[in-house]
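Fold and geometry: a report
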Amino acid sequence: MSDDIRPSLGLRPVINVSGTMTSLGASIVVPEAIDAMAKILPQFVEINDLQRKASAVIARLTGGEAGFVTASCSAGITLAVAGAITGNNLLAIEKLPDVAPEKNEVLVQMGHVVSYGAPVDQSIRLGGGKVVLVGQATSTHRFHMEQAITDKTAAAVYVVSHHVVDYGLLNLKEFVEIAHAKGVPVIVDAASEYDLRIFLEQGADIVLYSGHKFLGGPTSGIVAGAKELVRHAFLQNMGVGRGMKVGKESIFGVMAALEAWETRDHEAVRERETGYLQLWKRTLEGRPGVTALIEPDPTNNPLDRMRVIISPQEAHITAWDMAAALRNGSPPIIVRDHEVEHHYFYLDPCNLHPGQETVVASRLAEEFDKARASNDIIATPIEDLSRHRFDGLLRWPD
């Protein structure tokens, strides 16, 4: 990769094998979006008219009736919830979130209340919603949801994510069926999903996507779905949505990213990523205490990742210490370590520049060789992960 600006800014040249993580910059922005943003930045436009143009593109790709661009998928949750609560009542829009209409309850399965960097339920509360948890963390039955719906229920939120509990909960079709039987609209958080049509096809009323993850657009969120509900969400830009606004470059950049998505050779992308995974598998094969498994994405996105399982007794290092060694080495390799206490992490191939896959393979071999040569097992207390997780953030800025 040429013209790397990071060294001149004093930033580490990290290599991302964690995935489409906001904390790492989400994704590599596609050239079409970069070009579109550069073209519109010097020009003045009427933002609402540009959003109308974006609505047509969003509708075409998602199958929804309308759509708009906002600051993030998280912002989209807040705006969609607020829209379901206020409708087109402009005074109610101005008074959110402290003064909400009485019909402001929002259902969400307990197993879907996860953090994507902030809690899902906080995004609902910001929009004036009163969160009503349905079921238990690992168990939601029809009767839980049916009896949670009252005359105060404004909406129901369904989260599609690798973070949620993936068993024992209501699937989307059943969730929609129960909600619609009592006239409750369904909002789907599908931030990091490939399929732009399936959730509306399964009955969702509004679906929220990230514009800056798999689409490779600028930092943004996409709201798509039924025209009236989308309009009510868009009106929140006069209220709580004001701080979630996007500029002309983000709107036009998302439009370009969506159109590039239509023509992208997805099979070629998958073939390239599979080659990376096979290289890493060959690199790790035969190493004591290391098992490399290629696994499909848990939410059915068309991609695989590599799970690297580590036995500290044989590899002479824990999974969390290996993740730290890769992160702290040169160049820094950032792995997907959400479940590292279970003695594994993942390698995600979707955000690599050409040639970086071999750098990753080299660093893996280097760190595992170094650990294996150690007389002692490298094993810091797992509790240190929790104890020091937010140290850097709490010190910001130094």
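You'll find the structure just up there.
What counts, and at which threshold
Residues numbered from 1 in each chain as written. Predicted model: local features only at pLDDT ≥ 70, side-chain atom pairs only at ≥ 80, totals over all residues. Heavy atoms only, no water. Helix = DSSP H or I, 4+ residues; strand = E, 2+ residues; numbered from the N terminus. Buried < 20%, exposed > 50% of the residue type's maximum accessible area, 1.4 Å probe, protein only. Polar contact = N/O pair within 3.5 Å; in protein donor to acceptor, adjacent residues only side chain to side chain. Contact = heavy atoms within 4.5 Å. Pairing = 2+ DSSP bridges. Right-handed = clockwise from strand over helix to strand, strands pointing away. Axes fitted to C-alpha atoms, helices over the stretch in contact; angles between N-to-C directions. Phe/Tyr/Trp six-rings, centres within 6.5 Å; stacked < 30°, edge-to-face > 60°. Lys NZ or Arg CZ within 6 Å of the ring centre and 35° of its normal. Disulfide = S-S within 2.5 Å. Expected span 1.5 Å × (residues − 1). Arc of directions from axis to C-beta. Core = buried A, V, L, I, M, F, W, Y, C linked by side-chain atoms within 4.5 Å. Patch = residues over 30% accessible without salt bridge, like charges linked within 9 Å, V, L, I, M, F, W, Y side chains within 5 Å. Areas by Shrake-Rupley, 256 points an atom, 1.4 Å probe, with all protein chains shown as cover. Salt bridge = Lys/Arg side-chain N within 4 Å of Asp/Glu carboxyl O. Parallel < 35°, antiparallel > 145°, perpendicular 65-115°, else oblique. Left-handed = near helix turned anticlockwise from the far one by under 90°.

Tracing the backbone shows Thr62 in helix H3 (residues 47-62). Residue Thr62 is classed as buried on the basis of its relative accessible area, which comes to 4%. Within the local environment of Thr62, its side chain forms a polar contact with the backbone oxygen of Ile58, the two atoms lying 2.7 Å apart. Here Thr62 is in contact with Leu196, Arg197, Leu200, Tyr209 and Ala224, once residues within four sequence places are set aside.

Let us look at the pairing of strand S3 (residues 105-109). Counting buried residues in S3 gives five out of five residues, a clear majority hidden from the surface. The pairing of S3 with strand S4 (residues 130-134) spans five bridges and is classified as parallel. Paired with Val108 across the bridge in S4 is Leu133. Remark: the S3/helix H6 (residues 120-126)/S4 crossover connection has right-handed handedness. Summarising the sheet, S3 and strand S5 (residues 153-159) pair through four bridges and their orientation is parallel. Bridge assignment links Val106 to a residue of S5, and that residue is Ala155.

Before going further, it helps to examine the pairing of S5. Among the seven residues in S5, seven count as buried, and that is most of the element. One crossover worth recording links S5 to the parallel strand S6 (residues 186-189) by way of helix H8 (residues 172-181), and it is right-handed.

Read from one edge of the open sheet, three strands run S9-S10-S12, paired in antiparallel fashion. Two strands close off the open sheet at either side, each with one partner strand: strand S9 (290-296) and strand S12 (344-347). Direction aside, the axes of adjacent strands within the sheet are offset by 25° on average. Bridge count for strand S10 (residues 304-310) against S12 is four bridges, and the pairing is antiparallel. By the bridge assignment for S12, Met306 is matched with Leu347. Relative to the sheet, helix H14 (residues 319-328) contacts S10 and S12, its axis offset from that of S12 by approximately 40°.

On to the packing of aromatic side chains, then. Under the criterion given, the structure shown has six aromatic pairs. With a centroid separation of 5.2 Å and an interplanar angle of 65°, the aromatic rings of Tyr158 and Phe175 are classed as edge-to-face. One end of the pair, Tyr158, is in strand S5; the other, Phe175, is in helix H8, with 17 residues separating them in the sequence. Across this residue pair, the class does not change: Tyr158 and Phe175 are buried. One aromatic cluster is present, built from ring pairs that chain together Tyr194, Phe214 and Trp261. Of note, Arg307 hangs over the ring of Tyr344, and the distance from its end group to the ring centre comes to 4.5 Å.

In this section: the state of the cysteines. On inspection of all chains with the given rule, the structure shows zero disulfides. Not engaged in a disulfide, the cysteine Cys73 finds its nearest cysteine sulfur in Cys350; these two sulfurs lie 16 Å apart.

Attention shifts here to helix H12 (residues 266-284). Owing to its 3.6 residues per turn, the α-helix aligns residues three or four sequence positions apart on the same side. With 19 residues, H12 extends 27 Å from end C-alpha to end C-alpha; this agrees with the ideal 27 Å at 1.5 Å per step. Burial in H12 covers these residues: Val269, Glu273, Tyr276, Leu277, Leu279, Trp280, Thr283 and Leu284. Buried positions in H12, seen along its axis, are confined to an arc of 155° and lie on one side of it. Opposite the buried face of H12, by more than 90 degrees, sit the exposed residues Glu267, Glu271 and Arg282. Those residues of H12 hidden inside the fold are in contact with strand S1 (15-17), S9, S10, S12 and helix H15 (356-372). Backbone geometry just after H12 places Gly286 at a positive phi near 85°.

Bringing the nonpolar core into the picture now. Leu107, Met145, Val188, Phe199, Val207 and Leu258 are the most contacted members of the largest nonpolar core, which has 45 residues in total. Setting aside chain neighbours within four positions, we find Phe199 in contact with Val160, Leu172, Val188, Ala190, Glu193, Ala204, Val207 and Tyr209. Listed in part, the 30 residues of the second largest apolar core include Leu277, Leu326, Val335 and Val340.

Together, Phe390, Leu393, Leu394 and Trp396 give the surface a local cluster of nonpolar side chains, amounting to about 580 Å² of exposed area. Inspection of the secondary structure puts Leu394 in helix H17 (residues 391-395).

Here the focus is the environment of Arg125. Along the chain, Arg125 falls in helix H6. Taking the C-alpha atoms as reference, Arg125 lies 9.4 Å from Asp98; in sequence the two are 27 residues apart. Not counting residues within four places of it along the chain, the set of residues in contact with Arg125 comprises Pro97 and Val131.

On to H8, then. Listed in full, the buried residues belonging to H8 are Leu172, Phe175, Val176, Ile178 and Ala179. All buried residues of H8 lie within an arc of 165° about the axis, which places them on one face of the element. More than 90 degrees from the buried face of H8, the exposed residues found are Lys173 and Ala181. In the core, the buried residues of H8 are packed alongside S3, helix H7 (142-148), S5, S6 and helix H9 (198-201).

Close contact between H12 and H15 brings their axes to 10 Å; oriented N to C, the two are set at 20°. Considering their axes alone, H12 and H15 lie roughly parallel with respect to each other. H15 is crossed by H12, and the crossing has right-handed handedness. Side by side, H12 and H15 meet where Tyr276, Leu279, Trp280, Thr283 and Leu284 of the first sit next to Glu357, Thr358, Val360, Ala361, Leu364, Ala365 and Phe368 of the second.

Fair warning: the whole summary comes from geometry, so function is off the table for now.
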